[in-house]
Structures are given as structure tokens and as C-alpha cells.
Amino acid sequence: MRFDVITLFPSMFEGALSESILKIAQEKGLVSIHLHNLRDHTLDPHRKVDDRPFGGGPGMVLAPDPVFRAYEAVIEEMGGAVGVRKVVLSPQGRRYDQALAREFAREKALLLLCGHYEGFDERIRLGLPFEEVSIGDYVLTGGEIPAMAILDSVIRLLPGVVGDPASLEEESFSAGMLDYPHYTRPREYRGMTVPEVLVSGDHAKILEWRREQALRRTKEMRRDLLGPEGQGDRDTSATQTGDRS
Ligand code: 9D3
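Residues numbered from 1 in each chain as written. Predicted model: local features only at pLDDT ≥ 70, side-chain atom pairs only at ≥ 80, totals over all residues. Heavy atoms only, no water.

Student: What is the right way to read the overall build of the chain from this model?
Tutor: Along its length, the chain carries eight helices and 10 strands. Taking 2.2 N^0.38 as the reference for a compact globule, 245 residues should give roughly 18 Å; the C-alpha atoms of the chain span a radius of gyration of 23 Å, well beyond that estimate. Each principal axis of the C-alpha atoms in the chain carries an extent, and together these give about 70 × 45 × 35 Å. Residues classed as buried in the chain amount to 35% of the 245 residues present. Within the chain, one finds 31 positive and 39 negative side-chain charges whose respective centroids are separated by 3 Å. (Helix = DSSP H or I, 4+ residues; strand = E, 2+ residues; numbered from the N terminus. Rg over C-alpha atoms; globule rule 2.2 N^0.38 Å. Buried < 20%, exposed > 50% of the residue type's maximum accessible area, 1.4 Å probe, protein only. Lys, Arg positive; Asp, Glu negative; His and termini not counted. Charge placed at Lys NZ, Arg CZ, Asp CG, Glu CD.)

Below, the structure is given as C-alpha cells:
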């Protein structure tokens, strides 16, 4: 899959892309990631990309011309707009979630546009075919970190990227639930012991325990994930958090 990112800060991506899974996915040739500096698409001799808002007010607005030019140049480099999902990172956007990550992972290519200002000139929204996506209701300084979150979550879903396909399978099986508790050696640590069932060798029992623990945690921390059916009776006695052995 091909990923293109238009940003004022391409170097913000370099660390994230040169480590771990994202690095290996590129080395394996499963993905290619192309960073484009918005400033390279200005005609202005001062390479200016923003300006003061008409009507007054705080902050600067991303001007339309650099964005239209960058969009046209990048789409041309990508061999045309067909099969390219075009996403602008914006606080006003549709909330990003795992379902949207799976949707993006089915595309041939993804073009991400990052802003780093109070806002985009409205003509960008009106004249270019981007869908707006937000990663949640908190204020960041720009779209770069959201774009990295999208790159990471989409790339790990691509076939061959995550070493053991069983982990993706287990993930889709347990979708909409929090994870069960994990333990590794030693069997006792600072007075806290590993639950007996996990070392029992009884795989049916282990499966049952994990399912029950995942449900308990989900009810405790994220009732919303269980949907309207899970909203009913609220059992507060089940709290296990912080308990020792
Ligand atoms: C005062 C109005 N603010 C909108 C909520 C202005 C504003 C704040 C932050 C305008 C741009 C930004 C920069 N943020 C993003 O570009 C952004 C973002 C975010 O801040 N949170 C979650 N997802 C995203 S996607 C892009």
C-alpha cells in the first residue's frame, strides 16, 4: 500500500517511520511512505503558507494555494486520484476508530493532509475531495501526530506486516472488548502471584478465565463498548483493580 503525507513538518515523521513495525513493513516492500513538504509548493518567494484571517481573530489560517498545488502535484506523482483515499486531519472530522482503520487498510493508497494552524481556508474544504478525520476530543497543535496514529494503525493491519497472524485474528475475535490480564515470569513478584489457572495447563479453563476477565474489565472501564444492552445493571462489587494475589 502507498501512503503520501502532505505536511509542514516532514521530519516529525522520520523517527516514527524508522522504528519497529513501520520500518519492517517498508523494508519488506509491503508499504511505501512518501513525505511531501507543503512549503515546497508555494510560489511565494518567502515560502509563506499562512495568512491572517479575514474578519480578524487570533491565529493564522492555512492559505489555499499551497494546498491546492501540493494536492495536484502529489496526485500526479501517485498516478492519478483513482483508488486514493484522501484524508485531511482536522478537529472537526469524523472520529477515527478501528472500523475506519480497517476500511483504510483495504484501499490501494492513502493521502494524508496535515494542517498546523488555527484552521484551513474554507476553499480547501470546498474545492478538494478530502474527507475530514479527527482522532478524538482533545487539542493538539497539528495533524501530524494524528496522521502518525493513522499510519501505524493501518499499516499493522496489512497482510504480512504483523509477524504472527494469530494476534490479528485474536484481535478481531475480541473486538469491542478490552484485553484480558497478561502475566509472564516470575510466578511470584513482590508478593503478587500469577493466577493458578494460567499455569494449570487446562486450555479450556484458561480461555474461559480470559473471556471472563476481559468482560469484567470492559464493564469496569468501558461500559460504552458493550453497547446499549450492556448499559443495564451495574455491578460495582466486581472491582479487582490493584488487588494483591
Ligand atoms: C479554537 C478552535 N480549535 C478547534 C478545536 C482550533 C484548533 C485547535 C487545534 C485548530 C487546529 C488544531 C490542531 N489540531 C489538529 O490539526 C488535529 C487534531 C486535534 O487537535 N485533535 C484530535 N484530532 C486532530 S486531527 C487534526
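Picking up where we left off.
Student: Before we go on, may I ask you to explain the environment of Asp4 in this structure?
Tutor: Here Asp4 shows up in strand β1 (residues 2-7). Under the relative-accessibility criterion, Asp4 is labelled buried at 0%. When the C-alpha positions of Asp4 and Val74 are compared, they lie 7.8 Å apart, and in sequence the two are 70 residues distant. In this structure the side chain of Asp4 is engaged in a polar contact, spanning 2.7 Å, whose partner is the side chain of His36. (Polar contact = N/O pair within 3.5 Å; in protein donor to acceptor, adjacent residues only side chain to side chain.)

Student: What am I meant to see in a nonpolar patch on the surface here?
Tutor: The grouping of Phe9, Met12, Tyr138, Leu140 and Ile145 at the surface amounts to a nonpolar patch, some 450 Å² of accessible area in total. Residue position: Ile145 is located in helix α6 (residues 144-155). (Patch = residues over 30% accessible without salt bridge, like charges linked within 9 Å, V, L, I, M, F, W, Y side chains within 5 Å. Areas by Shrake-Rupley, 256 points an atom, 1.4 Å probe, with all protein chains shown as cover. Salt bridge = Lys/Arg side-chain N within 4 Å of Asp/Glu carboxyl O.)

Student: Quick question: what am I supposed to make of the pairing of β1 here?
Tutor: Working note: regular strand, side chains alternate between the two faces of the sheet. Burial within β1 is extensive, with six of its six residues counted as buried. For β1 and strand β2 (residues 32-37), the ladder comprises six bridges, and the chain directions are parallel. Note that in β2 the partner of Phe3 across the bridge is Ile33. (Pairing = 2+ DSSP bridges.)

Student: Sorry, what's going on with the site of the ligand here?
Tutor: As a matter of local geometry, the ligand sits amid 16 residues, with Glu118, Ile135, Gly136, Tyr138 and Leu140 nearest to it. The backbone of Tyr138 places a nitrogen or oxygen atom 2.8 Å from a nitrogen atom of the ligand. A distance of 3.4 Å is found between an oxygen atom of the ligand and a backbone nitrogen or oxygen belonging to Gly143. Relative to its unbound accessible area of 580 Å², the ligand is 75% covered by the protein chains. Counting only elements with at least two residues in the shell around the ligand, the list comes to β5 (84-95) and β8 (131-134). Here the residues of the shell around the ligand are counted per class, giving nine nonpolar, six polar and one charged. (Near = heavy atom within 4 Å. Nonpolar A, V, L, I, M, F, W, Y, C, P; charged D, E, K, R; others polar.)

Student: When you look at helix α3 (residues 64-77) in this model, what are you seeing that I'm missing?
Tutor: Every α-helix carries 3.6 residues per turn, so stepping three or four residues along brings you back to the same face. With 14 residues, α3 should reach 20 Å at 1.5 Å per residue; the first-to-last C-alpha distance of 20 Å fits that figure. Along α3, the positions that sit buried rather than exposed are Pro66, Val67, Ala70, Tyr71, Val74 and Ile75. All buried residues of α3 project into a common sector of 150 degrees when viewed along the axis, lining one side. Looking one or two places after α3, you find Gly79, whose phi comes out positive at around 85 degrees. (Expected span 1.5 Å × (residues − 1). Arc of directions from axis to C-beta.)

Student: Would you take a moment to explain the side chain of Thr7 for this structure?
Tutor: Inspection of the secondary structure puts Thr7 in strand β1. The exposure class of Thr7 is buried, given its relative accessible area of 0%. For Thr7, the side chain forms a polar contact with the main-chain nitrogen of Phe9, separated by 2.8 Å. Not counting the four nearest positions on each side in its chain, Thr7 is found in contact with Phe13, His36, Asn37, Leu38, Cys114 and Glu144. (Contact = heavy atoms within 4.5 Å.)

Student: For this particular structure, what's the right way to read the domain arrangement of the chain?
Tutor: Frequently, the measure chosen for interface size is the accessible area that the parts lose on association. Each assigned domain of the chain is listed with its residue range as follows: domain 1 (2-155) and domain 2 (179-221). A straight line from the C-alpha centre of domain 1 to that of domain 2 covers 41 Å. (Domains from an automatic or database assignment.)

Student: Just to check I follow, could you spell out the sheet that holds strand β6 (residues 109-114) for this structure?
Tutor: The strands that make up a sheet are held in pairs by hydrogen bonds between backbone atoms, and each pair lies either parallel or antiparallel. Taken together, five strands build an open sheet; the order of strands is β2-β1-β6-β5-β8 and the sheet is parallel. Of all the strands in the sheet, just β2 and β8 have a single pairing partner and so form its edges. Adjacent strand axes in the sheet meet at a mean angle of 30 degrees when their direction is disregarded. Relative to β8, β5 runs parallel, the two sharing five bridges. From the neighbouring strand, Val88 faces β8, where its bridge partner is Glu132. Contacts from α6 reach β1, β2, β5, β6 and β8, with the element oriented near 165 degrees to β6. (Axes fitted to C-alpha atoms, helices over the stretch in contact; angles between N-to-C directions.)

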